Amino acid sequence: MNPPRGGRAPSRFVRGRGRGGGAYRPYFYFRRNGRVIPAAHRGGSEADQGAAPSAATVRPRGWNNSRGKRVSNTPLDCSFLRPEYYVAPEDGAQVRSLLVDNPRAYPGWRLYFPREDYVPQSELAARIIAVEAFFQRNPDDYTVKKIRKCGCIIFPASCHESDEQLKLAWPTMLEDMRNKPLRTLSIIGLAIHTVLVNDSLDAAEEAKTAAQPVLTTIRKFVPPNEYTSKLYVRPQDFAPVELMSSIVHSRVDTLFVVRGIVSSVGEPSYHLAWHAFRCTRCQTEQTLRQLGNYAPRPYHCLKPQCTVKDNFLALRSSPYTRLLARQIIRLEESSISLLTDYDSALPGELDIELRHDLIDVVHAGQEIVVTGVLKLRELCDNKEGATSTTAGNDLQVYLRAFNVQDASQVQREFSKFDMEAISMINAEANNFKLLVHSLAPEVHGHEMAKAACLLSLLGGSSDGAINVLLVGDPGIGKSTVLTQCAQTTERGAYINGKRCVQSLKQLGLTFSGRNKRVMDAGALLMANSRGHCIVDGVDKLASKQSLLQQCMQGGQLNLPLPGCFSYFDAQPSIVACANPQRGQYDQSRYLVQNIRITASLLKEFHLVYVLLDTPSRARDISLTEHVRALHAGAKKRARIAARFALKAKQNESVSEETKAANVTNLTEDIKDGILEQKLDYDLDKRLEHKPLKADELDLLPPILMKKFIAYARQNAKPELSYDAANEIKWYFEDLCNNSEAENEKSQFGLGTRCVANLSVVHGQFQARD
């Protein structure tokens with residue numbers, strides 16, 4: 001049936017079947033976000049309201065069934081225009097308005113359980129009493145003033161394990177926190193809320209008693225009672241850190257912990273979530289959920305005996321009037337159990353929703369550990385043409401954060417098998433040689449360059465970064481070494497200079513989004529705080545070399561903003577490579593003339609290696625045998641197991657006689673004030689591996705190398721002795737006092753000489769676990 005003819009403009013309310021045919025639609029319906037929502041009518045007797053009327057008999061009041069026209073003297077029932085009759089199904093399931101009828105024992109019940117009524121002798125009430133008693137037994141650990149000021153409380157899992165009474169009253173607390181985190185946190189929040197309310201009542205009673213006039217008529221001012229707002233519980237250590245790949249549909253609404261680096265930070269948004277009103281007749285308080293830009297007001301009192309439909313007083317200072325502050329950040333996963341192939345894939349990312357006091361507690365490039373609950377949201381809420389079928393499929397998972405911890409205060413966890421593998425590597429006689437050859441085993445014959453990259457991965461603390469530059473002929477394996485370094489580093493970022501436009505945007509700080517309000521952390525900021533920034537093709541980043549030099553010199557990244565100046569601390573270790581300008585390295589020219597890198601930027605690299613593809617019969621034979629051994633398959637496991645037997649660690653880099661002689665000679669030279677280098681140790685020859693020998697190395701997989709490097713950086717605290725420090729100091733003084741010609745000649749092999757002379761004092765290097 002077509003709508004009645006007239007001059008009125010069309011509206012969202014449609015009567016009859018749509019023009020052009022199509023699927024069946026109700027007689028009265030609305031269109032909202034592409035959905036067809038029927039308009040329910042309250043006509044007929046009470047007995048007929050329970051049954052579902054047919055489409056032919058449903059007519060609104062005021063319409064004549066015989067002619068289809070409206071009778072002038074019949075009022076039209078517009079009750080179907082109320083929100084509860086035409087809202088979308090997902091909005092109708094939410095609580096839109098509720099009556100504040102808190103029980104006497106718990107004044108903040110409706111703040112935490114809006115849909116559930118209080119039952120005194122239930123299991124829920126017993127758990128609330130148990131948690132309330134726990135807070136009362138530990139007044140020193142939980143200060144009332146501090147909790148009231150910050151509005152949140154940190155609740156670690158050790159509280160449940162250390163308190164026997166709480167374990168007896170609530171034995172399944174850990175399981176409930178993992179499977180039902182929202183309900184468990186509501187119980188804990190209501191318990192501490194009750195403790196704060198009782199404390200404020202006791203303080204008000206004491207102040208009232210002290211303010212009574214005893215011998216004078218002067219009256220003291222008694223401040224009114226402060227309303228206790230909703231408190232938020234921050235759980236900690238209730239679940240282990242998991243991978244983003246383990247997120248499935250069954251994990252929705254469960255506790256999830258993830259570790260990663262903040263790659264994007266959005267702008268905080270604020271809106272009114274709940275608004276409280278008071279009835280002017282019965283003084284009953286009720287609160288309404290505020291959705292969208294329209295601010296609804298109550299159209300009737302929720303108390304059954306009251307019939308007021310207007311003149312409600314808006315309460316701004318009520319605890320049930322809540323302002324929702326939220327912020328969206330994006331987290332890039334950083335796990336030691338995951339290897340990322342940067343050529344074909346990107347690290348996993350997850351959106352994190354921060355609320356209330358968690359807003360602006362993190363910054364771009366910070367590594368954090370987030371504890372929260374997994375939720376789903378639709379991606380096509382604002383699409384007009386989306387139907388209910390397509391809208392239900394376009395869902396995105398995000399994490400609503402409960403607690404945010406700095407990753408520097410949370411140690412990484414290693415399994416039992418990881419510790420056994422690390423112990424076997426540590427028990428190896430020449431473990432440094434094993435690690436060097438396990439780093440990019442496809443590249444053969446450049447052990448010194450790989451050793452420098454490995455030392456940079458093991459070191460690179462916040463006090464001082466270790467920057468390495470590899471220069472050489474194309475096709476020699478520089479990109480392979482850098483890709484392996486990006487995979488095995490504990491925290492890092494990878495930039496491919498061959499993709500010039502994309503790399504320029506990914507290096508520094510940028511702003512994205514529709515209004516340019518989302519801050520994206522670049523690779524230099526993602527690798528901050530003991531991280532490594534891998535730059536493949538630094539010579540191709542001509543316009544960003546100044547930004548790279550600023551980060552390497554000052555350890556800061558400027559943030560250009562209109563009208564102000566700001567900066568971020570960025571101290572990553574740079575491992576880069578560059579190709580010669582003419583396609584092949586020209587040994588007759590200086591290093592600066594061979595590559596497109598400024599001299600000021602070249603000075604910031606601590607170790608520079610020139611990798612040349614020189615023809616050599618011995619090297620070609622060794623390379624052939626290396627390729628054959630690499631593709632020959634797995635070696636015999638019996639011999640490998642025998643080599644990895646746990647035993648006392650012995651280092652073959654320097655023999656015991658050499659160590660004793662070196663210490664004796666060094667002590668005498670220190671007394672005389674003269675240091676002469678009497679022994680020369682060729683580290684390149686000791687690291688060289690000949691596959692023709694019987695003692696073949698069992699190379700380590702990249703995932704095991706990543707875990708070994710992470711464990712060494714977390715637990716090993718190396719210290720240099722006084723003699724070793726003086727050896728390095730005098731060597732560099734002697735290097736600086738050389739002539740300019742010698743310095744120019746030694747410019748190519750500076751990194752080789754540094755590492756070789758460091759091996760002289762290897763026997764005096766003390767490691768403390």
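- The protein chain carries the name DNA replication licensing factor REC isoform X2 in an unreviewed UniProt entry, which gives Drosophila albomicans as its organism.
- Taken from UniProt, the Sequence similarities (unreviewed entry) comment for the protein chain reads in full: "Belongs to the MCM family."

### A closer look at the overall build of the protein chain
Right, on to step 1. Looking only at helices and strands, the protein chain has 28 helices and 25 strands in total.
Right, on to step 2. Sorting the 769 residues of the protein chain into buried and exposed places 42% on the buried side.
Right, on to step 3. In the protein chain, of all internal contacts separated by at least 6 residues, the share reaching a separation of at least 24 is 70%.
Right, on to step 4. Working note: accessible area of the protein chain is about 43400 Å², and carbon and sulfur atoms make up 51% of it.

### Topic: unusual backbone geometry
Right, on to step 1. Phi angles above zero are rare outside glycine, and Asp 237 is one such case at about 65 degrees.
Right, on to step 2. Note that Asp 237 resides in the loop between β6 (232–236) and β7 (255–265).
Right, on to step 3. For Asp 237, a relative accessible area of 55% gives the class exposed.
Right, on to step 4. Positive phi, close to 60 degrees, is recorded for His 356, a residue that is not glycine.
Right, on to step 5. You can see His 356 is positioned in the loop between β12 (349–355) and β13 (367–378).

### Thoughts on the pairing of β7
Right, on to step 1. With eleven of its eleven residues buried, β7 lies for the most part within the structure.
Right, on to step 2. The pairing of β7 with β13 spans seven bridges and is antiparallel. From the neighbouring strand, Arg 259 faces β13, where its bridge partner is Val 369.
Right, on to step 3. The pairing of β7 with strand β11 (residues 322–333) spans five bridges and is classified as antiparallel.

### Here we look at the side chain of Glu 353
Right, on to step 1. With respect to the secondary-structure elements, Glu 353 resides in strand β12.
Right, on to step 2. A distance of 3.0 Å separates a polar atom in the side chain of Glu 353 from a polar atom in the side chain of Arg 326.
Right, on to step 3. Polar side-chain contacts of Glu 353 include one of 3.0 Å to the side chain of Arg 355.
Right, on to step 4. Excluding residues within four positions of it along the chain, Glu 353 makes contact with Arg 326, Gln 327, Ile 328, Tyr 398, Leu 399, Arg 400 and Ala 401.

### Re helix α25 (residues 702–715)
Right, on to step 1. Between its first and last C-alpha, α25 extends 20 Å over 14 residues, near the 20 Å set by a 1.5 Å rise per residue.
Right, on to step 2. Every buried residue of α25 is accounted for by Leu 704, Met 705, Lys 706, Lys 707, Phe 708, Ile 709, Ala 710, Arg 713 and Gln 714.
Right, on to step 3. Looking at the buried positions of α25, the neighbouring elements they touch are α12 (416–427), α13 (431–438), α14 (447–458), α15 (478–488), β19 (532–536) and β24 (717–720).

### Some remarks on the environment of Phe 511
Right, on to step 1. Along the polypeptide, Phe 511 turns up in strand β17 (residues 510–512).
Right, on to step 2. What makes Phe 511 partly exposed here is its relative accessible area of 31%.
Right, on to step 3. For the pair Phe 511 and Ser 264, spaced 247 residues apart in sequence, the C-alpha separation works out to 9.2 Å.
Right, on to step 4. Apart from the residues lying within four places of it in its own chain, the contact partners of Phe 511 are Lys 516, Val 518, Met 519, Leu 559 and Leu 561.

### Digging into the pairing of strand β21 (residues 564–569)
Successive side chains on a regular strand alternate, one facing one side of the sheet and the next facing the other.
Right, on to step 1. Pairing between strand β20 (residues 556–561) and β21: six bridges, direction antiparallel. If you follow Leu 559 over to β21, its bridge partner there is Ser 566.
Right, on to step 2. Between β20 and β21, which pair antiparallel and follow one another directly, the connecting turn spans two residues, one of which, Gly 563, has a positive phi of 85 degrees.

### What to know about a nonpolar patch on the surface
Right, on to step 1. Among the surface-exposed residues, Tyr 270, Leu 272 and Leu 323 lie close enough to one another that they form a single nonpolar patch of about 310 Å² accessible area.
Right, on to step 2. Within the fold, Tyr 270 resides in strand β8 (residues 269–279).

### Considering α13
Right, on to step 1. Here α13 lies mainly inside the structure; seven of its eight residues are buried.
Right, on to step 2. Along α13, the positions that sit buried rather than exposed are Asn 431, Lys 433, Leu 434, Leu 435, Val 436, His 437 and Ser 438.
Right, on to step 3. Positioned one or two residues after α13, Ala 440 has a phi angle of 50 degrees, which is positive.

### Considering the confidence of the model for the protein chain
Right, on to step 1. Here the protein chain averages 75 in pLDDT, and 67% of its residues register 70 or above.
Right, on to step 2. The secondary-structure element of the protein chain with the lowest mean pLDDT is strand β25 (residues 765–768), recorded at 37, while β7 shows the highest, at 94.
Right, on to step 3. Under a pLDDT of 50 for its full length, residues 40–72 has, in the predicted model, 36 contacts with residues more than four places off or in other chains.
Right, on to step 4. Note that pLDDT drops below 50 for residues 743–769; the model gives that stretch 59 contacts with residues more than four away or on any other chain.

### A few points about the packing of α14 against α15
Right, on to step 1. Relative to each other, α14 and α15 sit at 20 degrees, their axes nearing to 11 Å. In terms of axis orientation, α14 runs roughly parallel to α15. Crossing handedness for the pair α14 and α15: right-handed. Packed against α14, whose contacting residues are Lys 450, Cys 453 and Leu 457, the element α15 presents Val 481, Cys 485 and Thr 488 at the interface.
Right, on to step 2. Split by residue class, the contact of α14 with α15 holds four nonpolar, one polar and one charged.

### Points about the environment of Ser 245
Right, on to step 1. Mapping Ser 245 onto the fold places it in the loop between β6 and β7.
Right, on to step 2. The class of Ser 245 is exposed, set by a relative accessible area of 63%.
Right, on to step 3. Put simply, Ser 245 and Gly 348 are 103 residues apart on the chain and 7.9 Å apart in space, counted from C-alpha to C-alpha.

### Observations regarding the packing of aromatic side chains
Right, on to step 1. In total, this model carries eleven aromatic pairs according to the counting rule given.
Right, on to step 2. Ring geometry for Phe 135 and Tyr 142: centres 5.1 Å apart, planes at 85 degrees, overall edge-to-face. For the pair Phe 135 and Tyr 142, a shared accessibility class is recorded, and that class is buried.
Right, on to step 3. When the ring centre of Tyr 398 is taken as reference, the NZ or CZ atom of Arg 377 above it lies at 5.2 Å.

Rules of the game
Residues numbered from 1 in each chain as written. Predicted model: local features only at pLDDT ≥ 70, side-chain atom pairs only at ≥ 80, totals over all residues. Heavy atoms only, no water. UniProt positions renumbered as here; feature names shortened; annotations may be inferred. Helix = DSSP H or I, 4+ residues; strand = E, 2+ residues; numbered from the N terminus. Buried < 20%, exposed > 50% of the residue type's maximum accessible area, 1.4 Å probe, protein only. Contact = heavy atoms within 4.5 Å. Areas by Shrake-Rupley, 256 points an atom, 1.4 Å probe, with all protein chains shown as cover. Pairing = 2+ DSSP bridges. Polar contact = N/O pair within 3.5 Å; in protein donor to acceptor, adjacent residues only side chain to side chain. Expected span 1.5 Å × (residues − 1). Patch = residues over 30% accessible without salt bridge, like charges linked within 9 Å, V, L, I, M, F, W, Y side chains within 5 Å. Salt bridge = Lys/Arg side-chain N within 4 Å of Asp/Glu carboxyl O. pLDDT = per-residue confidence, 0-100. Axes fitted to C-alpha atoms, helices over the stretch in contact; angles between N-to-C directions. Parallel < 35°, antiparallel > 145°, perpendicular 65-115°, else oblique. Left-handed = near helix turned anticlockwise from the far one by under 90°. Nonpolar A, V, L, I, M, F, W, Y, C, P; charged D, E, K, R; others polar. Phe/Tyr/Trp six-rings, centres within 6.5 Å; stacked < 30°, edge-to-face > 60°. Lys NZ or Arg CZ within 6 Å of the ring centre and 35° of its normal.

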